[in-house]
Amino acid sequence: MGSVSLFMVAVFVPVVMGSLSFVNGEGIPTTVDGPFKPVTVPLDKSFRGHAVDLPDDDPRIQRTVTGWEPEQISVSLSSNHDSVWISWITGEFQIGENVKEWDPKTVGSIVKYGRWRFAMTSEAVGRSLVYSQLYPFQGLQNYTSGIIHHVRLTGLEPNTLYYYQCGDPSIPAMSDVHYFRTMPASGPRSYPARIAIVGDLGLTYNTTSTIGHLMSNDPDLVLLIGDASYANLYLTNGTGADCYSCSFPDTPIHETYQPRWDYWGRFMQPLVSKVPLMMIEGNHEIEEQIEKKTFVAYSVRFAFPSEESGSSSTFYYSFNAGGIHFVMLGGYTDYNKSGDQFRWLKTDLAKVDRKVTPWLVATWHPPWYSTYTAHYREAECMRVEMEDLLYKYGVDIVFTGHVHAYERSNRVYNYNLDPCGPVHIIIGDGGNREKMTITHAEEPGNCPEPSTTPDKFMGGFCAFNFTSGPATGKFCWDSQPDYSAYRESSFGHGILEMKNETHALWTWHRNQDAYGTIGDAVYIVRQPDRCRMNDRTNKSMIGIELVLTTQSNEALDSSVVGNGGVSPGLFSPVPAPPPLIGVAVVVVVVVGTFGLFRDPDPSVAIPPADL
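These remarks concern the structure in this document. (Residues numbered from 1 in each chain as written. Predicted model: local features only at pLDDT ≥ 70, side-chain atom pairs only at ≥ 80, totals over all residues. Heavy atoms only, no water.)

**With respect to the packing of helix α2 (residues 205–216) against helix α4 (residues 259–272)**
Then comes step 1: One can describe the packing of α2 onto α4 by two numbers: an axis separation of 11 Å at closest approach and a directional angle of 10°. Classed by the angle they form, the pair α2 and α4 counts as roughly parallel. Across the interface between the two elements, Thr208, Ile211, Leu214 and Met215 from α2 touch Phe267, Met268, Pro270 and Leu271 from α4.
Then comes step 2: Here the residues of the contact of α2 with α4 sort into seven nonpolar, one polar and no charged. (Axes fitted to C-alpha atoms, helices over the stretch in contact; angles between N-to-C directions. Helix = DSSP H or I, 4+ residues; strand = E, 2+ residues; numbered from the N terminus. Parallel < 35°, antiparallel > 145°, perpendicular 65-115°, else oblique. Contact = heavy atoms within 4.5 Å. Nonpolar A, V, L, I, M, F, W, Y, C, P; charged D, E, K, R; others polar.)

Below you can see the structure in the form of structure tokens.
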């Protein structure tokens, strides 16, 4: 039996290490190879996508249920693997000058579930509510939603397939049978296979391409980094525009057309009824209405693990997915050090056990490190308030959106290259109708006037001229900043794969490419022995600036890299510790086996994409 085991290792280890080193036949760099010389991929003018919203009569967004049958069904996670939320809507929305809200008690909120399709013996009961979008101006159309249901399932086993039906069996009005898989239990060698990251989606023909590509990558979890439906690019009569303020400058209030939310929920159901979706707010969710209420649709339509993670708000929360702790932060609520969000974040980070969840990933909507003209340094006040805390606790990766393009940074802290800072990734290229961002702040004539940069909703001004480094005395750099490793204006999405507690593979997929093709790839490598919390604390407290020399795809010398370094030009990752190789072999075998059962319902197909 021993000889058989040795033979299996001899066969599988090269496969594992090969998958760590190459994608599409080319070597993949690691962050240890960096910092990398900045790269800008020239704009492909032959492909601008199809950033036109799906029309109201598109069959993919039509209501296909009758009566009180559930629609817009979705799954989201609680704070740990043993619990999920099931959400859905019953009844039709109403729109007009005079609308009357449904009574939420009209229909029950019940989920029947179990590990076998024909033996769903467990039952959970939840809550229901409705919301309205009302305007105090004559002639504007008011909106009230169908009945929105949220039910929390508890006591679930990790990494287990569950079947479920939702609705009210007493009517009867139950959904078809759907399924989801729970997250793996938290642990240093336990991770979801693939996590899809996308932002600024909208509901255009580009969006359909993004979601089609994303579903082809078979994710276990989806993170949406703000800006979902773009209902606020419309007047209440359904007239839309690519730029609201340009087309409708004289409206007494920024209107929205709330049925776009229902269209979006219907289009997304084939994905999010089986793959958990975790959402954080963006600026297009503000949606001001009567009595200056904001973010109502966002806060009511989605289920959040706020209470489970100790948060009092839908704007910020946290959750675990295997050995990853995700912190979802709000860029459009108070982020000052004296505010509730900052106090919650400090408490949440202090509870994280890096021996159980080695990876720490943070997300919010407006980026801190973007080199595009659009939204340049717009969230500088948030960065000033929060960056030191995230750096102190060793956040590994930051995902943001808002800018409608793709950009990946070198490891950075306080605008300086720092081997212990996080990698910032902008993934706001989901496909919305505002189209792509294509100009860069360092290009002649493109540097914004500083007074125009603060976010209009949050206010404040913190973006002053740089006081050190290559841009000293200036508001913008004269060339692509050294903290910017790669940028490209294309629509797409990203996939995050944790290989073990030190190596994560990040790949970015463009819509114009064939399924499975990769536009950008890097191994993000944690070095916990090098980046100790005490060292980071001292640096953030006393404000020492660390500046590294930018190198062109060359490894830092072995004294900096550790683990023997990386040979320049090979772009193979630093080898994982020997015990992990065996684990990697087991993971390959197990995932390959589970892959046979990942989609037990062949009737659930990828919605047609418009390429």
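**Concerning the state of the cysteines**
Then comes step 1: Evaluated as defined, the whole model comprises four disulfides.
Then comes step 2: The disulfide bridge from Cys381 ends at Cys462, spanning 2.1 Å between sulfur atoms. Handedness here is read from the sign of the S-S torsion; for Cys381 and Cys462, about 100°, the answer is right-handed. Linking Cys381 in helix α7 (residues 380–392) with Cys462 in the loop between β25 (423–427) and β26 (484–488), this pair joins segments that are 81 residues apart in sequence.
Then comes step 3: Classification of Cys462 by relative accessible area gives partly exposed; the value is 23%.
Then comes step 4: Across a sulfur-sulfur distance of 2.0 Å, Cys447 and Cys476 are joined as a disulfide pair. (Disulfide = S-S within 2.5 Å. Buried < 20%, exposed > 50% of the residue type's maximum accessible area, 1.4 Å probe, protein only.)

**Digging into the sheet that holds strand β16 (residues 195–198)**
Then comes step 1: Taking strand neighbours across the sheet as the criterion, the six strands line up as β18-β17-β16-β27-β28-β29 in an open arrangement whose pairing is mixed. Each edge of the sheet is formed by a strand with only one pairing partner; in this case those strands are β18 (277–279) and β29 (520–525). Adjacent strand axes in the sheet meet at a mean angle of 20° when their direction is disregarded.
Then comes step 2: Inspection of the sheet shows β16 paired to strand β27 (residues 492–498) by three bridges, in the antiparallel sense. Within β27, the position partnered with Ala196 by the bridge is Ile495.
Then comes step 3: Of the strands in this sheet, β16, β17 (221–224), β27 and β28 (503–510) are in contact with α2, which crosses β27 at around 20°. (Pairing = 2+ DSSP bridges.)

**Section: the pattern of salt bridges**
Then comes step 1: Tallied over the full model, the rule gives 28 salt bridges.
Then comes step 2: The partner of Asp478 in a salt bridge is Lys474, with the nearest N and O atoms 2.3 Å apart.
Then comes step 3: Through salt bridges that share partners, Asp53, Asp56, Asp242, Arg260, Arg433 and Lys435 make up one connected network. (Salt bridge = Lys/Arg side-chain N within 4 Å of Asp/Glu carboxyl O.)

**Some thoughts on the pairing of β28**
Then comes step 1: In terms of burial, β28 is largely enclosed, as eight of its eight residues are buried.
Then comes step 2: Alternating positions in β28 separate into two faces, His503, Leu505, Thr507 and His509 on one and Ala504, Trp506, Trp508 and Arg510 on the other, with burial throughout.
Then comes step 3: As paired elements, β27 and β28 share seven bridges and run antiparallel to each other. Bridging across to β28, Gly492 finds its partner in Arg510.
Then comes step 4: With antiparallel pairing between neighbouring strands as the criterion, β27 and β28 make up a hairpin whose turn holds four residues.

**Describing α4**
Then comes step 1: The end-to-end C-alpha distance of α4, which contains 14 residues, comes to 19 Å, matching closely the 20 Å that a straight helix rising 1.5 Å per residue would cover.
Then comes step 2: Approximately 30° is the largest bend angle found in α4, and it occurs at Arg266, with the proline Pro270 only one to four residues beyond.
Then comes step 3: Taking burial as the measure, the 14 residues of α4 include 13 buried ones, the bulk of the element. (Expected span 1.5 Å × (residues − 1). Bend = angle between axes of the 7 residues up to and from the residue.)

**Quick look at helix α6 (residues 340–351)**
Then comes step 1: Helix length check: α6 (12 residues) gives 17 Å between terminal C-alpha atoms against 16 Å at 1.5 Å per residue, within 8%.
Then comes step 2: Residues of α6 that are buried: Gln341, Phe342, Trp344, Leu345, Asp348 and Leu349. Taken end-on, α6 shows its buried residues confined to a sector of 160°, consistent with a single buried face. In α6, those exposed residues whose orientation departs by more than 90 degrees from the buried face are Ala350 and Lys351. (Arc of directions from axis to C-beta.)

**Brief notes about the environment of Thr210**
Then comes step 1: When you line up the elements, Thr210 lands in helix α2.
Then comes step 2: With relative accessibility at 0%, the residue Thr210 sits in the buried group.
Then comes step 3: What Thr210 contacts, discounting residues up to four positions off in sequence, is Val198, Leu201, Gly430, Gly492, His493 and Asn511.

**A short note on the nonpolar core**
Then comes step 1: Of all hydrophobic cores here, the largest spans 129 residues; its most connected members are Ile86, Leu153, Leu221, Phe319 and Trp506.
Then comes step 2: By residue number, the principal contributor to this core is α4, which donates seven residues.
Then comes step 3: Ignoring sequence-local partners within four residues, the contact set of Leu221 consists of Leu77, Met183, Arg194, Ile195, Ala196, Val275, Pro276, Met278, Phe319, Ala321 and Phe326.
Then comes step 4: Counting residues in hydrophobic clusters, the runner-up holds six residues, among them Ile28, Val32, Leu505 and Ala521. (Core = buried A, V, L, I, M, F, W, Y, C linked by side-chain atoms within 4.5 Å.)

**Here we look at the sheet that holds strand β6 (residues 94–96)**
Then comes step 1: The three strands are arranged β6-β11-β10 in an open sheet whose pairing can be described as antiparallel. Since the sheet does not close on itself, it has two edges, and those belong to β6 and β10 (132–133), each with one partner.
Then comes step 2: One ladder, built from two bridges, connects β10 with strand β11 (residues 142–144); its direction is antiparallel. Note on β11: the bridge partner recorded for Ser132 is Thr144.

**As for the packing of aromatic side chains**
Then comes step 1: Taken as a whole and judged by the stated rule, the model has 35 aromatic pairs.
Then comes step 2: Look at Phe319 and Phe326: their rings are 5.0 Å apart centre to centre, the planes differ by 20°, and that puts the pair in the stacked class. A single burial state applies to Phe319 and to Phe326, both of which are buried.
Then comes step 3: Ring-pair connections join several aromatic residues into one group, and the members of that group are Trp261, Trp264, Phe295, Tyr298, Phe302, Phe304, Phe315, Tyr317, Phe319, Phe326 and Phe457.
Then comes step 4: Between the NZ or CZ atom of Arg377 and the centre of the ring of Phe466, over which it lies, the distance is 4.3 Å.
Then comes step 5: The cationic tip of Arg526 hangs over the ring face of Trp359; the distance from NZ or CZ to the ring centre is 5.7 Å. (Phe/Tyr/Trp six-rings, centres within 6.5 Å; stacked < 30°, edge-to-face > 60°. Lys NZ or Arg CZ within 6 Å of the ring centre and 35° of its normal.)

Without other data, these values stay purely geometric and don't point to any function.
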